[in-house]
Amino acid sequence: MTEAWDAAVEAQIRGAVQRGEFDDLPGMGKPIPGRGAPYDESWWIKSFLEREALPSDLLLPTPLQLRRRIEQVPDEVRDLPTEQSVRDFVGQLNAQIVAWLRNPDGPRVVVRPVNADEVVHHWRARREVRTPATEPVTGVAPVRRPRHGWWLRWRRRG
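Report follows, based on the coordinates. (Residues numbered from 1 in each chain as written. Predicted model: local features only at pLDDT ≥ 70, side-chain atom pairs only at ≥ 80, totals over all residues. Heavy atoms only, no water.)

1. Some points on unusual backbone geometry
Stated precisely, the cut-off is as follows: By the criteria applied, helices consist of DSSP H or I runs no shorter than four residues and strands consist of E runs no shorter than two, each listed in order from the N terminus.
Even without glycine at this site, Ala53 takes up a positive phi of about 55 degrees. Within the secondary structure, Ala53 sits in the loop between helix 2 (43-52) and helix 3 (62-71).

2. Details of the nonpolar core
Our working definition: What is meant by a nonpolar core is a set of buried Ala, Val, Leu, Ile, Met, Phe, Trp, Tyr and Cys residues, joined one to another through side-chain atoms within 4.5 Å. The cut-offs for exposure are 20% and 50% of the maximum accessible area for each residue type, with area from a 1.4 Å probe on protein chains only; residues under the lower value are buried, those over the upper are exposed, and the others partly exposed. Note on definitions: a residue-residue contact is assigned when non-hydrogen atoms from the two residues lie within 4.5 Å.
Counting 15 residues, the largest nonpolar core has Val77, Ile97, Val114 and Val119 as the members making the most contacts within it. Of all elements in the fold, only helix 3, helix 4 (73-77), helix 5 (83-102) and helix 6 (116-129) reach the threshold of two or more residues within this core. Among the elements that make up this core, the one with the highest residue count is helix 5 (six residues). With sequence-adjacent residues up to four places away left out, Val114 is seen in contact with Ile70, Val90, Leu93, Asn94, Ile97 and Val119.

3. Comments concerning a nonpolar patch on the surface
For clarity, the cut-off: Note that patches include only residues with greater than 30% relative accessible area and no salt bridge, and the join distances are 9 Å for like charges and 5 Å for nonpolar side chains (Val, Leu, Ile, Met, Phe, Trp, Tyr). To be clear on the numbers: accessible area is Shrake-Rupley with a 1.4 Å probe, and residue cover counts the displayed protein chains and nothing else. The term salt bridge refers to a pairing of a side-chain nitrogen on Lys or Arg with a carboxyl oxygen on Asp or Glu at a separation within 4 Å.
Side chains of Trp5, Val9, Ile13, Val17, Phe22, Leu25 and Met28 sit close together on the surface and give an oily, nonpolar patch of about 680 Å² of accessible area. Here Val9 is to be found in helix 1 (residues 2-19). Given a relative accessible area of 31%, Val9 falls into the partly exposed group.

4. Some remarks on the packing of helix 5 against helix 6
Cut-off, in case you're wondering: Lines fitted to C-alpha atoms define the axes here, with helix axes fitted over just the stretch in contact, and angles between the N-to-C directions of these axes take values from 0 to 180 degrees. These descriptions rest on fixed angle ranges, namely under 35 degrees for roughly parallel, over 145 for roughly antiparallel, 65 to 115 for roughly perpendicular, and the rest for oblique. Two helices crossing with the near one rotated counterclockwise from the far one by less than a right angle form a left-handed crossing, whereas a clockwise rotation gives a right-handed crossing. Residues are grouped as follows: Ala, Val, Leu, Ile, Met, Phe, Trp, Tyr, Cys and Pro are nonpolar; Asp, Glu, Lys and Arg are charged; all remaining types, including Gly, are polar.
Relative orientation of the contacting elements helix 5 and helix 6 amounts to 140 degrees, with a least axis distance of 10 Å. By the angle between their directions, the pair helix 5 and helix 6 is classed as oblique. Once helix 5 is placed against helix 6, the crossing between them reads as right-handed. Where helix 5 approaches helix 6, its residues Glu83, Val86, Arg87 and Val90 are matched on the opposing element by Ala116, Asp117, Val119, Val120, Trp123 and Arg124. Residues belonging to the contact of helix 5 with helix 6 are distributed by class as follows: six nonpolar, no polar and four charged.

5. A word on the pattern of salt bridges
This structure, assessed with the given rule, holds eight salt bridges. Residue Lys46 is joined to Asp40 by a salt bridge in which the shortest nitrogen-to-oxygen separation is 2.6 Å. The exposure class of Asp40 is partly exposed, given its relative accessible area of 28%. One salt bridge connects Asp75 with Arg78, and the closest N-O pair in it is separated by 4.0 Å. A network of salt bridges, in which partner residues are shared, links Glu83, Arg87, Asp117 and Arg124.

This is the structure we're talking about:
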């Protein structure tokens, strides 16, 4: 029974090839993506992100996404036109942070709300430093928090 089935399927394929039904298929003559590469269990996630042009940050847990957004605040507010728009942006980010702090999920990562006054201060400083051609000066560094942890400050006290 299976031999007859296989023969019938092969006959249909041969007939379609002779009629030229497989000639203009998309991807014809191109190598199969991932062929020869080691097996990756998350291949479908990576191909989905690539196909939909989504950032890989979406795979991170919520606290790490929030930390990354906090690091990117100076770059995101740089081109905002008014102080109120900067405060609104920081307010929306802080609302997301507070929502996560009320109901945390994922790994335990320290995430603190952003100080809006500090962001506005640095935003003003960067706007004053701009050249007349409205190009940002390359010597201005983004706002960063110190890398040392709470334990280092505690250790200095005692």
